[in-house]
Amino acid sequence: MRLILVRHGETVWNAEFRVQGANADTALSEKGQRQIARLAEVLRDEPVDLILSSPLSRAVITAETIGRHHNVPILTNPGLKEVDVGEFDGLSTVDMPQTFTELLLSWWKGGCERLPGGESFAELQNRTWGVVEPYVRDGNPKNLLVVSHYFTTLSIIFKALEFPMNMLVKFRMDPGCISVVEFGRFGPRLARFNDTSYQVV
């Protein structure tokens, strides 16, 4: 089975370096709209049997754009929303002395501590993995495409590969990127990560 993980295109808040979580339904920027149009063309010939999407508009629009080239269902699931960052929503990261991931880890610590007004990494991972795990367990469909968000995607990858939470600072995912986890006889393998090569003109 192949799990194709796509991050939505760039949003206005991405461009402004502002934090956006599960409760911020921010619009795609002009650049983001161009990204997903190109992304859809790149994935046109990719085998896809089902598309799952976060219900946030930035993900839904990305999923629907990809779906125009595939005659398959597109299902939304609230379990695929971005991490609930609580009081950090809308915060500018421009003048932060650390990355936003480092800030989150300073709050999450062991993984069960919640962000102020938000959720813990354990809660995030439980709900995101809860969406995809039945498909992974059944091995059906063979090619599942999931459109979601930065920490949503990383939480799924980390659960599949049993990576510890503190390794989050070692990873970066750009808007419109493609990652692939393959589940085979030798277990899960990260076959593709943060691929935005299609954006190079």
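Here the structure is shown first, and the text comes after it.
Undergrad: Is there a simple way to explain the pattern of salt bridges in this structure?
TA: Side chains that carry opposite charge are capable of pairing whenever their charged atoms lie near each other. Scanning the model with the defined rule gives 9 salt bridges in all. We note a salt bridge from Glu-123 to Arg-114, for which the minimum N-O separation is 2.6 Å. The class for Glu-123 is partly exposed, based on a relative accessible area of 26%. For Arg-114, a relative accessible area of 54% puts it in the exposed group. In this structure, Glu-119 and Arg-127 form a salt bridge, with 2.6 Å as the shortest nitrogen-oxygen distance. The buried category is assigned to Glu-119, whose relative accessible area is 11%. You can call Arg-127 partly exposed: its relative accessible area is 22%.

Undergrad: Can you walk me through the nonpolar core in this structure?
TA: Inside soluble globular proteins, nonpolar side chains tend to come together where they are buried. Ranked by internal contacts, the top residues of the largest apolar core, which has 40 residues, are Leu-3, Phe-88, Phe-100, Trp-108, Val-146, Leu-168 and Phe-183. Listing elements by their share of this core, those giving two or more residues are strand E1 (2-7), strand E2 (50-53), helix H4 (100-108), helix H5 (121-138), strand E4 (143-148), helix H6 (150-161) and strand E5 (178-184). If one sorts the elements of this core by residue count, H6 sits on top with 8 residues. Apart from the residues within four sequence positions on either side, Phe-100 is in contact with Val-19, Val-85, Phe-88, Thr-93 and Phe-151. The next biggest cluster of nonpolar side chains, apart from the first, holds 14 residues, and it includes Ile-4, Ala-59, Leu-145 and Ile-178.

Undergrad: Any chance you could explain unusual backbone geometry here in plain terms?
TA: Peptide bonds are, in most cases, trans, and in most cases residues other than glycine have a negative phi. A cis amide bond links Asn-140 to the next residue, Pro-141, at an omega of 5°. With respect to the element layout, Pro-141 can be found in the loop between H5 and E4. Look at Glu-162: it is not a glycine, yet its phi comes out positive at around 60°. Considering the arrangement of structural elements, one finds Glu-162 in the loop between H6 and E5. With a relative accessible area of 70%, Glu-162 lands in the exposed category.

Undergrad: Hey, could you run me through H5 in this one?
TA: Because the α-helix completes a turn every 3.6 residues, residues three or four places apart line up on one side. With 18 residues, H5 should cover 26 Å at 1.5 Å per step; its first-to-last C-alpha distance of 26 Å lies within 8% of that length. In H5, a bend of some 40° at Val-132 exceeds every other bend along the element, and Pro-134, a proline, comes one to four places later. Buried within H5 are the following residues: Phe-121, Leu-124, Gln-125, Thr-128, Trp-129, Val-131, Val-132 and Val-136. Buried residues in H5 make contact with E2, H4, E4, H6 and E5. Gly-139, located one to two residues past H5, shows a positive phi value of around 70°.

How each quantity is defined
- Each chain carries its own residue numbering, running from 1 in the direction its sequence is written.
- Only residues with pLDDT of at least 70 get local features here, since the model is predicted, and only at 80 or more are side-chain atom pairs given and counted; chain-wide, interface and lining totals rely on the full set of residues.
- Heavy atoms throughout the structure, all of them, feed into the side-chain values; hydrogens and water do not.
- Criterion for a salt bridge: a side-chain nitrogen of Lys or Arg within 4 Å of a carboxyl oxygen of Asp or Glu.
- Each residue gets one of three labels from its accessible area relative to the maximum for its type: buried under 20%, exposed over 50%, partly exposed in between, using a 1.4 Å probe on protein chains only.
- To form a nonpolar core, buried Ala, Val, Leu, Ile, Met, Phe, Trp, Tyr and Cys residues must be joined to one another through side-chain atoms within 4.5 Å.
- Elements are defined by DSSP. Helices are runs of H or I of four residues or more, strands are runs of E of two residues or more, and each kind is numbered from the N terminus.
- Two residues qualify as a contact provided that any one of their heavy atoms is within 4.5 Å of a heavy atom in the partner residue.
- Helix span is expected to be 1.5 Å times the residue number reduced by one.
- Fitting axes to the seven residues that end at a residue and to the seven that start at it, the angle between those axes gives the bend at that residue.

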